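Structural overview
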Amino acid sequence: MTFPPAGTAPTPDDLLIFLAVARTGRFTTAAESLGVNHTTVSRRITALEKALDGRLLARAVGGWELTELGKRARTAAEGVESAVSLLRGSDAEAQKISGVVRMSATDGFSAYIAAPAVAVLQRRHPLLRVEIVTVTRRALQHRSGLDIEVVVGEPQVHRAESILLGYYSLGMYASRHYLKAHGTPTTIAELTEHPLVYFVDSMLQVDDLDAPRRLVPQMRESLSSTNVFVHVEGTRAGAGVGFLPCFMADQHTDLVRLLPEDFQERLPYWMVLRTESLRLPAVAALVAALRAQMESYAPALLGRNVSAGTVPAD
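Rules of the game
Within each chain, residues carry numbers counting from 1 in the order of the written sequence. Where local features are concerned, this predicted model is filtered to residues with pLDDT of at least 70; where side-chain atom pairs are given and counted, the filter is 80 or more; whole-chain, interface and lining totals use all residues. Side-chain measures were taken over the full set of non-hydrogen atoms in the model, leaving aside hydrogen atoms and water. In this text, helices come from DSSP runs of H or I with a minimum length of four residues, and strands from runs of E with a minimum of two, each type numbered from the N-terminal end. In this scheme, a helix's expected span is set at 1.5 Å multiplied by one less than its residue total. Bend angle per residue: angle between axes fitted to the 7 residues ending at that residue and the 7 residues starting there. Categorising residues by exposure relies on relative accessible area from a 1.4 Å probe, with only protein chains included: less than 20% of the type maximum marks a residue as buried, more than 50% marks it as exposed, and the intermediate range marks it as partly exposed. Residues are treated as being in contact if the distance between any of their heavy atoms lies within 4.5 Å. The term nonpolar core refers to a set of buried residues drawn from Ala, Val, Leu, Ile, Met, Phe, Trp, Tyr and Cys, joined through side-chain atoms within 4.5 Å. The criterion for an aromatic pair is that two Phe, Tyr or Trp rings (for Trp, the six-membered ring) have centres within 6.5 Å, with stacked assigned to planes under 30 degrees apart, edge-to-face to planes over 60 apart and tilted to the rest. Criterion for a charge above a ring: Arg CZ or Lys NZ at most 6 Å from the ring centre, at most 35 degrees from the ring normal. In this description, strands pair whenever DSSP reports at least two bridges between them.

1. A closer look at helix α6 (residues 107-124)
Residues spaced three or four apart along an α-helix face the same direction, because each turn holds 3.6 residues. A rise of 1.5 Å per residue sets the reference length of α6, with its 18 residues, at 26 Å; its end C-alpha atoms lie 25 Å apart and thus fit the reference within 8%. For α6, the principal kink sits at Ala114 and spans about 35 degrees; a proline, Pro116, occurs within the next four residues. Taken as a whole, α6 has its buried residues at Asp107, Gly108, Phe109, Ser110, Tyr112, Ile113, Ala114, Ala117, Val118 and Leu121.

2. Description of the environment of Pro195
Here Pro195 is to be found in the loop between α8 (188-191) and β7 (196-198). Taking relative accessible area as the criterion, Pro195 reaches 8% and is therefore assigned buried. Sequence-wise, Pro195 and Met219 are 24 residues apart; in three dimensions their C-alpha atoms are separated by 5.9 Å. Apart from residues lying up to four places away in sequence, Pro195 is in contact with Tyr178, Met219, Arg220, Ser222, Ala239, Gly240 and Val241.

3. Side note on the nonpolar core
Within the largest apolar cluster, 65 residues are counted, with the highest numbers of intra-cluster contacts made by Met103, Phe109, Ile148, Met172, Tyr269 and Leu290. Looking at this core, the element that brings in the most residues is helix α12 (residues 281-296), giving eight residues. Grouped together as the second largest cluster of nonpolar side chains are 21 residues, Phe27, Ala30, Ile45 and Leu48 included.

4. Concerning unusual backbone geometry
With phi around 55 degrees, Asp53 is a residue other than glycine that occupies positive phi space. Classification of Asp53 as exposed rests on a relative accessible area of 60%.

5. A closer look at the packing of aromatic side chains
Counted by the stated rule, this structure contains ten aromatic pairs. Relative to Tyr297, the ring of Phe247 has its centre 6.3 Å away and its plane inclined at 75 degrees; by these criteria the two rings are edge-to-face. Remark: Tyr297 occurs in the loop between α12 and α13 (298-301) and Phe247 occurs in helix α11 (residues 246-249); sequence separation between them is 50 residues. A relative accessible area of 1% places Phe247 in the buried class. What links up through ring pairs into an aromatic cluster is the set Phe109, Tyr112, Tyr168, Phe229, Phe247, Tyr269 and Tyr297. The ring of Tyr167 is capped by Arg266, whose NZ or CZ atom sits 4.0 Å from the centre of that ring.

6. As for the pairing of strand β9 (residues 241-245)
Of all five residues in β9, five are buried, a share of seventy percent or more. Looking at chain direction, strand β6 (residues 161-175) and β9 are connected through four bridges and run antiparallel. If you follow Gly171 over to β9, its bridge partner there is Leu244. The pairing of β7 with β9 spans two bridges and is parallel. Looking at the pairing, Val197 lines up with Gly242 of β9.

So this is what it looks like as structure tokens:
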């Protein structure tokens, strides 16, 4: 391949390819979004660096970061992107949001916050695609390949934007059938005689979610899983007392909240994303949609609709 002489004007195509890498931090992810192969992306970045006579990207753990020259090139590339979008059709068409946004979040957040938010957003922007990876973990230091990461607990990250989305509550729940067979605990001491349905202790990566081991360490484990939907359904099936997100447990009339005055843990949802990702219209739109869904769903997230301490029916 013949590269342009150093100091020549960069081509618009090379700038747009570079912009995809700047936003994702990875050649492979950028190539996938552009519909080309990894080798093509690498060649075009090399050509652009040759034309600008300098390095645009610096190797980082898990991906690439922008140099000072790279930051200036990103601004220029965004100008090219805006100009190209205006040439594709009317102003209304140019403002359509499209492309793929990749995010990770916990199971409960993905189902009750992210999925409805995406559905609303896609009604206005049908060309938008969102991929959600469900996982419960600490925020990653290097989130190459992800545009948005939603975690429980305040993240400790570098070179990233952290946004507090809001709070949700957890409580102790049991099924009416279980309580009829085993009795309803009215004190913490009585509660500790029942088995716990919760996360696998040895695999729990989020310190904020360790409340049961801190509050009632005497409770023996019954059913453990890395998936919160298993916690809910296991509790409904009578496997024991589940420490559950209120916004999930309160959906089921066969579950009763126990000792709400003693167990009302409140935890924060935080959103983490690369600074470059916020410049992408599709990502910015999804961020706004997630925040709106969190706000509209706030009463349920905090468990305000729960009929606490209801006596089990026959």
